[in-house]
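Summary of structural features
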Amino acid sequence: SQQGEEDPQALSIQEGENATMNCSYKTSINNLQWYRQNSGRGLVHLILIRSNEREKHSGRLRVTLDTSKKSSSLLITASRAADTASYFCATDAAGNNRLAFGKGNQVVVIP
Amino acid sequence: GAVVSQHPSWVICKSGTSVKIECRSLDFQATTMFWYRQFPKQSLMLMATSNEGSKATYEQGVEKDKFLINHASLTLSTLTVTSAHPEDSSFYICSPSGGAVDTQYFGPGTRLTVL
């Protein structure tokens, strides 16, 4: 069964705006990861946040993790047309080294 | 990150034929291999997990006799879709792992279209 679940919304934003996506999960986790997938392509790993971390940054990406609410958010600041893609969160349940993916968010950045 | 290749990148076949997909981890040894399937506009669904030299463990609802997985070496795993049908058309992604999720990498995927 899927562990991570994003809010099932597609985002369409103007270049330069920020894009925020959310992910919720159901069981205890060791870490949570975010991936990007361009149409018809493989996955690109964006960022990993461990269960004992609350926030992490990587370039224009900011990820938060709230283990009490079992949720995470991914913020892309100053979006670019090249950020147009699907974004997935993936979790590994504690004691289980398998990644479970959420449904994904389609983000379209309009130039 | 590690370099992972899949071959072929896309394949079109007739219904009833078998298709073999290769996944190679080019610069690290994959003790575990995960195979995922992704239907259009959907998420990745784990199909099976295999450890080098062992039989694969299949997820519920995945037919082990239809999706044959071989993980004979630490750098090569194959997925064979036997007697393919149009509903098997999907994007298949391999994911070699060194044993922990933060050493899990993903192949570029293979697009299978069954006519």
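What counts as what
- Residues numbered from 1 in each chain as written.
- Chains lettered and ligands numbered in written order.
- Predicted model: local features only at pLDDT ≥ 70, side-chain atom pairs only at ≥ 80, totals over all residues.
- Heavy atoms only, no water.
- Helix = DSSP H or I, 4+ residues; strand = E, 2+ residues; numbered from the N terminus.
- Buried < 20%, exposed > 50% of the residue type's maximum accessible area, 1.4 Å probe, protein only.
- Lys, Arg positive; Asp, Glu negative; His and termini not counted.
- Salt bridge = Lys/Arg side-chain N within 4 Å of Asp/Glu carboxyl O.
- Polar contact = N/O pair within 3.5 Å; in protein donor to acceptor, adjacent residues only side chain to side chain.
- Disulfide = S-S within 2.5 Å.

Attention now moves to the side chain of Asp92(A). Residues and elements named next belong to chain A. With respect to the helices, strands and loops of the structure, aspartate 92 is situated in strand S9 (residues 85-93). Although aspartate 92 lies buried, it forms no salt bridge, and the closest oppositely charged side chain, arginine 50, sits 7.6 Å away as judged by the N-O distance. A polar contact of 3.1 Å, which involves the side chain of aspartate 92, links it to the side chain of asparagine 30. There is a polar contact of 3.0 Å between the side chain of aspartate 92 and the backbone nitrogen of asparagine 31.

With that settled, consider the state of the cysteines. Evaluation of the coordinates by the stated rule reveals two disulfides over all chains. Residue Cys23(A) pairs covalently with Cys89(A) via a disulfide, S to S 2.0 Å. The disulfide joining Cys23(A) to Cys89(A) has a torsion of about 55 degrees about its S-S bond and is therefore right-handed. Here Cys23(A), found in strand S3 (residues 19-24), pairs with Cys89(A), found in strand S9; they are 66 residues apart in sequence, far enough to count as distant. Both residues of the pair, Cys23(A) and Cys89(A), belong to the buried class. A sulfur-sulfur separation of 2.0 Å characterises the disulfide bridge that pairs Cys23(B) with Cys94(B). Measuring handedness by torsion sign, the sulfur bridge of Cys23(B) and Cys94(B) sits at about 70 degrees and is right-handed. Taken together, the residues span a long stretch of sequence, with Cys23(B) in strand S3 (residues 19-25) and Cys94(B) in strand S9 (residues 90-97) at a distance of 71 residues. With no disulfide of its own, Cys13(B) lies closest to Cys94(B) among cysteine sulfurs, the gap being 19 Å.

That's the geometry; what it means functionally is another story.
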